[in-house]
Amino acid sequence: MELTPKQQAIELIRNSKRILITSHVNPDGDSFGSLIALTLALKKLDKDVVTVCSDPAPEFLRFLPSLDVVGHELAGAKDFIITVDLSKTDVDKLGYKRLADQKKLHIVITPTQGFFEPQDVTFEQGMPRFDLIVVLDCSDLERIGQIYDNNTALFYETPIVNIDHHISNDHYGKVNWIDLTATSTSEILVALLESLGREKTLLDQDIATALLTGITTDTASFQNASTTPKSFTVAAQLVAAGARQQEIVRKIYKTKPLSTLKLWGKALAKVQEDNENRFIWSTISQAELDEVGAQDSETGGVIDDLLKTAPDIDFALLLSERKGGVHGNLRAVEKGIDVARLAALFGGGGHEAAAGFDIPNTTLEAEEASILERIREACKA
Ligand SMILES: [Mn+2]
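Counting starts from 1 at the beginning of each chain's written sequence and moves along it residue by residue. This being a predicted model, a pLDDT of at least 70 is required before a residue's local features are given, and a value of 80 or more before pairs of side-chain atoms are given or counted; all residues contribute to the totals for chains, interfaces and linings. Water and hydrogen atoms were dropped before computing side-chain values, which therefore reflect all heavy atoms in the structure.

**Brief notes about the overall build of the protein chain**
Applied cut-off: For helices the rule is a DSSP run of H or I covering at least 4 residues; for strands it is a run of E covering at least 2, with both sets numbered from the N terminus onward. Note on areas: Shrake-Rupley, 1.4 Å probe, and residue coverage restricted to the protein chains presented here. In this tally, Lys and Arg are treated as positive and Asp and Glu as negative; His is ignored, and so are the chain termini. All charge positions are set by atom: Lys at NZ, Arg at CZ, Asp at CG, Glu at CD.
On a plain count of helices and strands, the protein chain comes out with 13 helices and 16 strands. Entry remark: accessible area of the protein chain is about 18700 Å², with carbon and sulfur atoms responsible for 51%. Positive and negative side-chain charges of the protein chain, numbering 39 and 56 respectively, have mean locations separated by a distance of 5 Å.

Listed below in structure tokens is the structure:
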């Protein structure tokens, strides 16, 4: 009988010793929650784990336990091997000397007798340092960012387990565990940890807190249309395992920097509605971000906390200027509205209830009207 993706993922993880774990750029609560949870759990299983994300955690996630298990650079993904032919003479001593001023390293080989010659020495790249790569919450490999760009060969040479809940996932793994009914990757990981743990539970207070953070942020506190009975069951299980739910709510929803509140003011003052196509939209320009001293990442909350609360709409759209381009954020309010389909019009992706897109090297002024026009056309189609 053929194994399910879940069973294959579990087999691969069980049989691997050195595991690299990563996720997407612009990380959110689900990517960091799942990165931390899987790292801590695999360490309990005595796996040799390296976890990296191309970008650091945004400010609102800095309360997460064991945040420092996630690095930002992948150093030495492969060893460099120097081979010395010992058929003429053997090695008596081996040492090295670092020439700091010349940025050089001398490797000193003292023979037992005679001498070594250049032709006795050969070089090669070692095997990748990992048996397995687990990519979390990431619809395609490019979304991993510089960790992928700088180590492309590693990603081709090493088997990948791809665990995600986005409909736009392009199945780049050897094993693709894509559960579209899950609210978040963190929710999928609860099932993974249950199976990996076998006789004793891997869940502890920190792991449960990290996973509940992912579920909470991806469902906007269980408000999104994607919230299912199962997500409540899983959340209850995590709270029972010691997840610090009040801390999550306090840190994520009740602590807003003044800059975020000012930004909300700007966005709210400009909300417009399209009654015919049942959506609302607003914009945040780079000048407004600068004026209130807010970071790009603070725009994310605007759509979840404010725009989605409007009555009688199917979805909300927020357009913001980010990194020299225009970023679109879409949220479904009514169940059955698929905003990933709208994001795809602009080369973006996501899932039914929440999606986004980026149009590089442009401004709001240049794009706003044509974006709205294409979205209206798609609404009518
Ligand atoms: Mn997610």
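Moving on from the coordinates now.
**Focus on the side chain of D30**
Selection rule: Pairs of N or O atoms within 3.5 Å make up the polar contacts considered here, provided that, within protein, one atom can donate a hydrogen while the other can accept it, and that residues adjacent in sequence are counted only when both atoms are side-chain atoms. We call two residues contacting when some pair of their heavy atoms lies within 4.5 Å.
By the element assignment, D30 lies in helix 2 (residues 29-44). A distance of 3.4 Å separates a polar atom in the side chain of D30 from a polar atom in the side chain of H165. Residues contacting D30, with those up to four places away along its chain left out, are D137, H165, S184, T185, S186, G214, T217 and D218.

**Quick notes on the nonpolar core**
The condition that has to hold: What is meant by a nonpolar core is a set of buried Ala, Val, Leu, Ile, Met, Phe, Trp, Tyr and Cys residues, joined one to another through side-chain atoms within 4.5 Å. Exposure categories follow from relative accessible area, calculated using a 1.4 Å probe and restricted to protein chains: below 20% of the type maximum is buried, above 50% is exposed, and the middle band is partly exposed.
Among the nonpolar cores identified, the biggest contains 50 residues, and L38, V134, I163, L192, L193, L211 and L238 are the most heavily contacted of them. The element contributing the most residues to this core is helix 2, with eight residues. Ignoring any residue separated from it by four or fewer positions in sequence, one finds L193 in contact with L38, A41, L202, L203, I207 and L211. Core analysis: the second largest hydrophobic core is formed by 21 residues, F315, L319, L342 and A355 among them.

**A closer look at the coordination of the manganese ion**
Counted only if it meets this: Note: metal donors comprise N, O and S atoms at 2.8 Å or less from the metal (3.2 Å for Na, K and Ca); water molecules are not included, so apparent gaps in a site are possible.
Here the manganese ion is held by D30 (OD), D137 (OD), H165 (NE2) and D218 (OD), and the distances to it run 2.2 to 2.4 Å. Taken in sequence order, the residues that donate to the manganese ion follow the motif D-x106-D-x27-H-x52-D. Of this pair, H165 sits in the loop between strand 9 (160-164) and strand 10 (175-178) while D218 sits in helix 6 (residues 205-218), placing them 53 residues apart in sequence. Overall, H165 belongs to the buried group, its relative accessible area being 1%.

**Here's the deal with the sheet that holds strand 1 (residues 18-22)**
Our working definition: At least two DSSP bridges between two strands are needed for those strands to be called paired.
Ordered by their spatial adjacency, six strands build an open sheet running 3-2-1-8-9-10, and the pairing between neighbours is parallel. Every interior strand has two partners, whereas the edge strands, strand 3 (70-71) and strand 10, have only one. Examined bridge by bridge, strand 8 (residues 132-136) and strand 9 share four bridges and lie parallel to one another. Along strand 9, the bridge assignment pairs I133 with I160.

**Section: the pairing of strand 8**
For strand 8, the buried fraction is high: five of the five residues fall into the buried class. Residue alternation in strand 8 divides its side chains into two sets, L132, V134 and L136 and I133 and V135, and both sets are buried. As judged from the four bridges shared by strand 1 and strand 8, these two strands associate in the parallel manner. Bridging across to strand 8, T22 finds its partner in V135.

**Section: the sheet that holds strand 15 (residues 349-350)**
Paired through backbone hydrogen bonds, the strands of a sheet run either parallel or antiparallel to each other. Counted only if it meets this: Axes here refer to lines fitted to C-alpha atoms; in helices the fit is confined to the stretch in contact. Angles between the N-to-C directions go from 0 to 180 degrees.
Taking strand neighbours across the sheet as the criterion, the six strands line up as 11-12-13-14-16-15 in an open arrangement whose pairing is mixed. Two strands lie at the open edges of the sheet, namely strand 11 (272-274) and strand 15, each paired on one side alone. As paired elements, strand 13 (residues 315-322) and strand 14 (residues 325-332) share eight bridges and run antiparallel to each other. By the bridge assignment, E321 is partnered in strand 14 with V326. In this fold helix 13 (residues 364-380) packs onto strand 11, strand 12 (279-284), strand 13, strand 14 and strand 16 (354-359), with an angle of close to 165° to the strand it touches most, strand 12.

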